[in-house]
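Coordinate inspection notes
Here is what each chain is made of, one letter per residue.
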Amino acid sequence: MQEKQKQECTLIWFRNDLRVRDNKLLKEAIATKRYLVAFYAFDPVFFKRQYSFERTGKFRLCFLIETLKELKENLAKYNIPFYVGLKKTETVVREIQNDFLITTLVYQEDETSDEKDIEKRVRKVVGSKVKKIRVTNQYLYEPHQIDTLFNKKYPLSFSSFRNKVEKKLDVDTELNYHLPYQDIYSQAFFEIPNCSRAEKFLGNSFPFKGGEKQASVRLKSYFFETKKVIDYKKTRNNLLGINCSTKFSPWLSNGSISVKTIYKELKRFEDEYEANSSTYWVYFELLWREFFKHAVRYHKNNFFKLGGIQKKTILSIHDNKVIKNWVLGNTTSDFVNANMIELRKTGWMSNRGRQNVASYFVHNLQQDWRIGAAYFESLLVDYDPHSNYGNWMYIAGVGNSSESKKFDIEWQANTYDKYGEFRAKWIDK
Ligand SMILES: Cc1cc2nc3c(=O)[nH]c(=O)nc-3n(C[C@H](O)[C@H](O)[C@H](O)COP(=O)(O)OP(=O)(O)OC[C@H]3O[C@@H](n4cnc5c(N)ncnc54)[C@H](O)[C@@H]3O)c2cc1C
């Protein structure tokens, strides 16, 4: 029997770039002038356990599901089918091949090893005749700009990075394109796990939902409606409340907003209202994100090794009882405990909290930093491999600074939680 004629298509592979605005995947896919089909896979690799913690815990999973549902709706407006499968990425691709003849595959490149392995398998499945277009979709400054600026010698310290980047580089403008309205709508499978986001888990520091729309609502609110950005530098170390910092990180991490969009809106705010040290400091913090993202391109898997990018020889200590007490918020420091309880109950912890509990884990409890990082990976709603492992390494003294960062926890508690409100909120009497 003759096989039915399959519709030719350009396949858009969404990874951590789950948006329709300012997305190179879409710009490139539109240019192929083919029927567009999109997909996302919940690859089992990201649901395995490491050091007994599941890699993707419930908070990030719920946020991701909310994001995917919205993306599906946004693509459906243009009749672009969106396949979502709970299986290996290459298996999802094979199933799409049952319905379509893929002529081009468009996807975001990634430098971390799990992502690279998946990429290899997907490329193999689609075969050599299919055109592959790899894009960069997560940077403020493009890799070629950074490589040229530093002549391929990536600086060790953040200050050397920042000093040059902010003086010499320009940020590209957002992309401009119109998604085509497709005539035919093909039914796509959309298997997603149930997400029972219990409202009680929503601590008041990060009560937001996932999705591109929520990201832009937050951006508008923080910059233009409340204008809290004007005081960011004064409030960013506070431990309680929604508006002490931008709270952009969860959307940035799964790519439901582009960092260039945030930058562009920040500049618009500065032009229309006020530019001060606080507005600059939001850019400064985004540069930290950028610093770690490009660092991974240079240091590859050393980012995830015990000796870090400095390749130091250090001991790996793993005491289950000590680790469990840290996880449960049962240590001798009530400040560490309060932060750990907040994380366990809500999936969120402030930057100040993260620095303190990480320092405590590495320097006071003397445990292998990778275990603490793996716990964060499981719990954090905004987990991002580059920022998470980069910051942990930095605190452990094997990252982008030769000194280790040991915090005086008591001093930090007295300074940042002077009246004990934060501790009172999370620790049961
Ligand atoms: C041990 C440790 C682990 C961390 N793990 C993660 C992680 O998995 N994912 C993550 O996004 N951030 C991580 N961070 C960085 C930082 O804590 C969060 O980005 C920040 O708390 C998010 O809140 P916000 O969006 O309100 O940040 P804001 O203070 O409003 O900053 C604006 C943006 O700048 C970026 N940023 C700020 N601080 C940092 C930083 N130190 N490193 C990198 N980028 C930064 C983020 O994209 C953030 O959204 C970690 C920090 C530490 C110390």
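Residues numbered from 1 in each chain as written. Predicted model: local features only at pLDDT ≥ 70, side-chain atom pairs only at ≥ 80, totals over all residues. Heavy atoms only, no water.

So, about the overall build of the protein. Within the protein one finds 18 helices and 7 strands. Here the C-alpha coordinates of the protein stretch approximately 75 × 50 × 45 Å along the principal axes. Counting the 429 residues in the protein, one finds 57% classified as buried. For the protein, the proportion of contacts with a sequence separation of at least 24, taken over those separated by at least 6, is 80%. Roughly 19,700 Å² of accessible area belongs to the protein as shown, and the carbon and sulfur atoms make up 48% of that amount. Once the 71 positive and 52 negative side-chain charges of the protein are each reduced to a mean point, those two points are 3 Å apart. (Helix = DSSP H or I, 4+ residues; strand = E, 2+ residues; numbered from the N terminus. Buried < 20%, exposed > 50% of the residue type's maximum accessible area, 1.4 Å probe, protein only. Contact = heavy atoms within 4.5 Å. Areas by Shrake-Rupley, 256 points an atom, 1.4 Å probe, with all protein chains shown as cover. Lys, Arg positive; Asp, Glu negative; His and termini not counted. Charge placed at Lys NZ, Arg CZ, Asp CG, Glu CD.)

With 84 residues, the main nonpolar core has Tyr 141, Phe 161, Val 165, Phe 223, Trp 326, Trp 369 and Trp 392 as its most contacted residues. At 11 residues, the largest contribution of residues to this core is made by helix α11 (residues 277-299). Ignoring anything within four residues of it in the chain, the contact list for Val 165 reads Tyr 141, Ile 146, Leu 149, Phe 150, Tyr 283 and Leu 287. (Core = buried A, V, L, I, M, F, W, Y, C linked by side-chain atoms within 4.5 Å.)

With that settled, the discussion passes to the sheet that holds strand β5 (residues 82-85). Spatial ordering of the open sheet is given by β5-β2-β1-β6-β7, a layout of 5 strands whose pairing is parallel. Each edge of the sheet is formed by a strand with only one pairing partner; in this case those strands are β5 and β7 (131-135). Ignoring which end each strand starts from, the neighbouring axes of this sheet average 25° apart. Of the strand pairs in this sheet, strand β6 (residues 100-108) and β7 are connected by 5 bridges, and their pairing is parallel. Across the sheet, residue Val 106 finds its bridge partner in β7, namely Ile 133. (Pairing = 2+ DSSP bridges. Axes fitted to C-alpha atoms, helices over the stretch in contact; angles between N-to-C directions.)

A few words now on the packing of aromatic side chains. Tallied over the entire structure, the rule returns 54 aromatic pairs. Taking the centre distance of 4.9 Å and the plane angle of 65° together, the rings of Phe 304 and Tyr 389 count as edge-to-face. Taken as a pair, Phe 304 in the loop between α11 and α12 (320-328) and Tyr 389 in helix α16 (residues 385-396) lie far apart in primary sequence, 85 residues in all. The class for Phe 304 is partly exposed, based on a relative accessible area of 23%. (Phe/Tyr/Trp six-rings, centres within 6.5 Å; stacked < 30°, edge-to-face > 60°.)

It is worth spelling out the environment of Gln 5 at this point. Relative to the helices and strands, Gln 5 resides in the segment before β1 (7-13). With relative accessibility at 77%, the residue Gln 5 sits in the exposed group. Through-space distance from the C-alpha of Gln 5 to that of Phe 100 is 8.9 Å; in sequence the pair is 95 residues apart.

Scanning all chains against the criterion turns up 28 salt bridges. Here Arg 297 and Asp 147 are joined by a salt bridge, their closest N and O atoms 2.9 Å apart. With a gap of 150 residues between them, Arg 297 in helix α11 and Asp 147 in helix α5 (residues 143-149) connect regions that are remote in the sequence. Through salt bridges with shared partners, a single ionic network connects Arg 21, Glu 174, Lys 264, Glu 265, Arg 268 and Glu 272. (Salt bridge = Lys/Arg side-chain N within 4 Å of Asp/Glu carboxyl O.)

All right, on to the pairing of β5 then. Taking every second residue as pointing to the same face, both faces of β5 are buried, with Phe 82 and Val 84 on one and Tyr 83 and Gly 85 on the other. Relative to β5, strand β2 (residues 35-41) is paired through 4 bridges, and the arrangement is parallel. For Phe 39, the partnering residue across the bridge sits in β5 and is Tyr 83.

Attention now moves to the side chain of Glu 109. Tracing the sequence through the fold places Glu 109 in the loop between β6 and α4 (113-126). With relative accessibility at 16%, the residue Glu 109 sits in the buried group. At 3.2 Å, the side chain of Glu 109 and the side chain of Arg 134 are in polar contact. The residues touching Glu 109, leaving out its near neighbours within four places in the chain, are Arg 15, Arg 134, Val 135, Thr 136 and Gln 138. (Polar contact = N/O pair within 3.5 Å; in protein donor to acceptor, adjacent residues only side chain to side chain.)

When the terminal C-alpha atoms of α11 are compared, their 32 Å separation across 23 residues agrees well with the 33 Å that a helix rising 1.5 Å per residue should span. Burial analysis of α11 places 18 of its 23 residues in the buried class, which makes it a mostly covered element. The backbone nitrogen of Ser 278 lies 2.9 Å from a side-chain oxygen of the residue at the head of α11, namely Asn 276. Of the residues one or two after α11, Lys 300 is the one with positive phi, at around 45°. (Expected span 1.5 Å × (residues − 1).)

Further remarks concern the UniProt feature "domain: Photolyase/cryptochrome alpha/beta" (unreviewed entry) in the protein. In this structure's numbering, the residues bearing the UniProt feature "domain: Photolyase/cryptochrome alpha/beta" (unreviewed entry) are residues 8-141. Along residues 8-141, the helical share is 39% and the strand share 26%, with 34 Å between the first and last C-alpha atoms. (UniProt positions renumbered as here; feature names shortened; annotations may be inferred.)

Before going further, it helps to examine the environment of Asp 319. In this structure, Asp 319 sits in the loop between α11 and α12. The class for Asp 319 is partly exposed, based on a relative accessible area of 33%.

Over its 14 residues, helix α14 (residues 351-364) extends 19 Å from the first C-alpha to the last, a length consistent with the 20 Å expected when each residue adds 1.5 Å. Along α14, 11 of the 14 residues are buried, which leaves the element largely enclosed by surrounding structure. Within the sequence span of α14, burial applies to Arg 352, Gly 353, Arg 354, Asn 356, Val 357, Ala 358, Ser 359, Tyr 360, Phe 361, Val 362 and His 363. Of the surrounding elements, those touching the buried residues of α14 are α12, α13 (334-346), α15 (369-379), α16 and α17 (409-416). Downstream of α14 by a residue or two, Gln 366 has a phi angle that is positive, lying close to 55°.

Another aspect to go through is unusual backbone geometry. A positive phi angle, near 50°, is found at Asp 22, a position not held by glycine. Unusually for a residue other than glycine, Lys 33 sits at a positive phi of about 60°. Within the element layout of this structure, Lys 33 appears in the loop between α1 (24-31) and β2.

To continue, consider the packing of helix α7 (residues 212-225) against helix α10 (residues 259-272). Following both chains from N to C, one finds α7 and α10 inclined at 20°, their axes separated by 10 Å at the closest point. The angle between α7 and α10 places the two elements in the roughly parallel class. Crossing hand, α7 versus α10: right-handed. Taking contact as the criterion, the partners of Leu 219, Phe 223 and Phe 224 in α7 are, on α10, Thr 261, Ile 262, Glu 265, Leu 266, Arg 268, Phe 269 and Glu 272. (Parallel < 35°, antiparallel > 145°, perpendicular 65-115°, else oblique. Left-handed = near helix turned anticlockwise from the far one by under 90°.)

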